[in-house]
Amino acid sequence: MQSPWKILTVAPLFLLLSLQSSASPAYDDSSRPRDSNGHTCVGCVLVVSVIEQLAQVHNSTVQASMERLCSYLPEKLLLKTTCYLVIDKFGSDIIKLLSADMNADVVCHTLEFCKQNTGQPLCHLYPLPKETWKFTLEKARQIVQKSPILKYSRSGSDICSLPVLAKICQKIKLAIEQSVPFKDVDSDKYSVFPTLRGYHWRGRDCNDSNESVYPGRRPDNWDVHQDSNCNGIWGIDPKDGIPYEKKFCEGSQPRGIILLGDSPGAHFHISPEWITASQMSLNSFINLPTALTDELDWPQLSGVTGFLDSTVGIKEKSIYLRLWKRNHCNHRDYQNISRNGASSRNLKKFIESLSRNKMLDYPAIVIYAMIGNDVCNGKSDPVPAMTTPEKLYSNVMQTLKHLNSHLPDGSHVILYGLPDGTFLWDNLHNRYHPLGQLNKDVTYEHLYSFLNCLQVSPCHGWMSSNKTLRTLTSERAEQLSNTLKKIATSEKFTNFDLFYMDFAFHEIIQEWQKRGGQSWQLIEPVDGFHPNEVALLLFADRFWEKVQLQWPQILGKENPFNPQIKQVFGDQGGH
């Protein structure tokens, strides 16, 4: 998916910062101007669509629907204020164009948020007008020909160009790019702040003024005087004078869980309520500021490091919560080192954010799950840009050598294979996208085509009507999985054991179908690409079952003192 920094700085122009990224490409080593124009076009079309549909649902004017949308947005992050500013700037022309029965594609081309470059195809989400496109666009331009907004400079849309915000923006940008907490007083890579790479991503710091206090470390003097590893267990039992940490945790084999992943691992999610006019209300956007400051990811609900109860009503828990349930001494020892758009190619740019000290910390279970972006990109010809097996081998070996130099002895690393993403097209292409449900006019096939045309698709290879291309993408994914399997079976490291696990999405589908569900329900509805919360938790369940059966030593012992820990320390300070 799109670079999170671009989301935070460009999308406010379109009222709903999140919507622009619903169809944006993965973060990569470089960004092209065409990509930037594509993101802008997608953001405009989505927001104008919502405005038009709100007017339809509430049988109101376009002006009223725009004001309704703004009224739904929270004040945080200046979302409501930005919305009213956009109405003031563009509202009159949007009203004129929609009142003349121009659809969102025409509106956004007329206002030049979408552009058809010379020699490039016309990119549109909705069916083309009955009259020719050239005629319709010229007619629309005549409607707004005297508008002052067409002279508005799109280059000034970056809110961080304002001097008062430049410094804070730079600091946030750096934190996101380096995948470390924005607010971290003692610079130990742990935070007391939830978002901006805070404790939604890694265990909450319990003393942000002391860099030697953080989750996952071995206790300092059995934590007689303070909780040095933030697991909520410290002090001395007055009955026998034995430190609680020593009594409850010594020999229990504590360990942390660390994920090196991409957007599925971070749990990228855009709420359908944000773009579905018939479901939109004052409550729809309550979580939008949190989502934006977490890069539209929800790691606190992810399948590997999630620590909150599921929002989807299934009993399965994340891998971290299972490790905690197995041994309460593992409390808060999780790190989600995932990024939207991460791949074996760019992991080296942020792997330094991983926090583990070979001498001071407990061992860790590290899951390497770059499951998409080595084969996924938005280019018009995506195959040449895919990672080759030889390059993947080199990239992964570089990562493993880095881990071997940082992980404590006794750690474990599991390499996850890549999926066969043909299920996306097979299960979604003829279904209606949330934007198309009201008028039955936009299917996922239309969405995929629109994104591919703009070259901003998260995965042109699989989100394509071209069966040959989908097959080629799956074949490359299988080759890369075989490379990972080869590494796991042939390479040895001093500080960790190495394992391989298939990304068996078909097993998850079968399990969901046994429960009466349908396979399309496992995919994020807005982007039509990512596994959703249900799928991620089912993966966690499958992971746990396989590890227990094949490699139980990875999980450590079940701590017999868990009941006593709960009796003395309750929720251990929470998360």
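About the cut-offs
Residues numbered from 1 in each chain as written. Predicted model: local features only at pLDDT ≥ 70, side-chain atom pairs only at ≥ 80, totals over all residues. Heavy atoms only, no water. UniProt positions renumbered as here; feature names shortened; annotations may be inferred. Buried < 20%, exposed > 50% of the residue type's maximum accessible area, 1.4 Å probe, protein only. Helix = DSSP H or I, 4+ residues; strand = E, 2+ residues; numbered from the N terminus. Right-handed = clockwise from strand over helix to strand, strands pointing away. Pairing = 2+ DSSP bridges. Arc of directions from axis to C-beta. Contact = heavy atoms within 4.5 Å. Axes fitted to C-alpha atoms, helices over the stretch in contact; angles between N-to-C directions. Core = buried A, V, L, I, M, F, W, Y, C linked by side-chain atoms within 4.5 Å. Domains from an automatic or database assignment. Salt bridge = Lys/Arg side-chain N within 4 Å of Asp/Glu carboxyl O. Parallel < 35°, antiparallel > 145°, perpendicular 65-115°, else oblique. Nonpolar A, V, L, I, M, F, W, Y, C, P; charged D, E, K, R; others polar.

In the annotation of an unreviewed UniProt entry, the entry for the chain reads Acyloxyacyl hydrolase, and the organism field reads Colobus angolensis palliatus. Under the UniProt heading Catalytic activity (unreviewed entry), the note attached to the chain is "a 3-(acyloxy)acyl derivative of bacterial toxin + H2O = a 3-hydroxyacyl derivative of bacterial toxin + a fatty acid + H(+)". UniProt annotates the chain under Subunit (unreviewed entry) with the comment "Heterodimer of the large and small subunits; disulfide-linked."

Undergrad: Account for the pairing of strand β4 (residues 411-416), naming residues and giving values.
TA: Of all six residues that make up β4, six are buried, and the element is covered over most of its length. Alternating positions in β4 separate into two faces, S411, V413 and L415 on one and H412, I414 and Y416 on the other, with burial throughout. For the crossover that starts at strand β3 (residues 364-369), traverses helix α13 (residues 389-404) and ends in the parallel β4, the hand is right-handed. As paired elements, β4 and strand β5 (residues 496-501) share six bridges and run parallel to each other. Residue pairing in the sheet places I414 in a bridge with F499 of β5.

Undergrad: Residue-level account of helix α17 (residues 505-514), with values.
TA: Within α17, burial applies to F505, I508, I509 and W512. Buried positions in α17, seen along its axis, are confined to an arc of 100° and lie on one side of it. Next to the buried residues of α17 lie α14 (422-428) and α18 (533-550). Positioned one or two residues after α17, G516 has a phi angle of 95°, which is positive.

Undergrad: So, the sheet that holds strand β2 (residues 334-338): which residues are in play, and what are the values?
TA: Pairing in this open sheet of five strands is parallel, and the strands run β2-β1-β3-β4-β5 from one edge to the other. The two strands at the open ends of the sheet, each matched to only one other strand, are β2 and β5. This sheet shows a mean twist of 15° between the axes of neighbouring strands, independent of strand direction. Across five bridges, strand β1 (residues 256-261) lies against β2 in parallel orientation. Paired with L259 across the two strands is N336, which belongs to β2. Taken strand by strand, helix α12 (residues 319-326) contacts β1, β2 and β3, and its axis lies near 170° from that of β1. Against the sheet, helix α16 (residues 467-490) contacts β3, β4 and β5, and its axis sits at roughly 150° relative to β5.

Undergrad: Provide a residue-level description of the UniProt feature "domain: Saposin B-type" (unreviewed entry) in the chain, including the pertinent values.
TA: In the UniProt entry, the feature "domain: Saposin B-type" (unreviewed entry) is given for residues 37-118. Along residues 37-118 the backbone is 73% helical and 0% strand, and the end-to-end C-alpha distance reaches 14 Å.

Undergrad: Would you mind going over the nonpolar core in detail, with residue names and values included?
TA: Ranked by size, the top nonpolar core spans 142 residues in total, and within it I367, L400 and L415 carry the most contacts. For this core, the leading source of residues is helix α3 (residues 33-57), giving ten residues. Taken domain by domain, the makeup of this core includes at least three residues from each of domain 1 (14-20 + 34-148) and domain 2 (256-567). The residues touching I367, leaving out its near neighbours within four places in the chain, are I257, I258, L259, L260, V304, I319, I414, Y416 and F543. Counting residues in hydrophobic clusters, the runner-up holds seven residues, among them Y244, F248, C329 and I565.

Undergrad: Which residues make up the pattern of salt bridges, and what values go with them?
TA: Enumeration according to the criterion identifies 15 salt bridges in this entry. The partner of R345 in a salt bridge is D374, and the shortest N-O contact between them spans 3.6 Å. Note that R345 is positioned in the loop between β2 and β3 and D374 in the loop between β3 and α13, a separation of 29 residues in sequence. Residues R345 and D374 agree in their burial class; the two are buried.

Undergrad: Give me unusual backbone geometry: which residues, what numbers.
TA: Backbone geometry at Q455 places phi at a positive 60°, although glycine is not the residue there. The residue Q455 is located in the loop between α15 (444-454) and α16 in this model. In this structure, Q572 is a non-glycine residue whose phi angle is positive, near 60°. The topology assignment puts Q572 in the segment after α19 (562-569).

Undergrad: Report on the packing of α12 against α18, specifying residues and quantitative values.
TA: Close contact between α12 and α18 brings their axes to 9 Å; oriented N to C, the two are set at 50°. By the angle between their directions, the pair α12 and α18 is classed as oblique. Of the residues in α18, those touching α12 at I319, R322, L323 and R326 are A540, D541, F543, W544 and Q548. Here the residues of the contact of α12 with α18 sort into five nonpolar, one polar and three charged.

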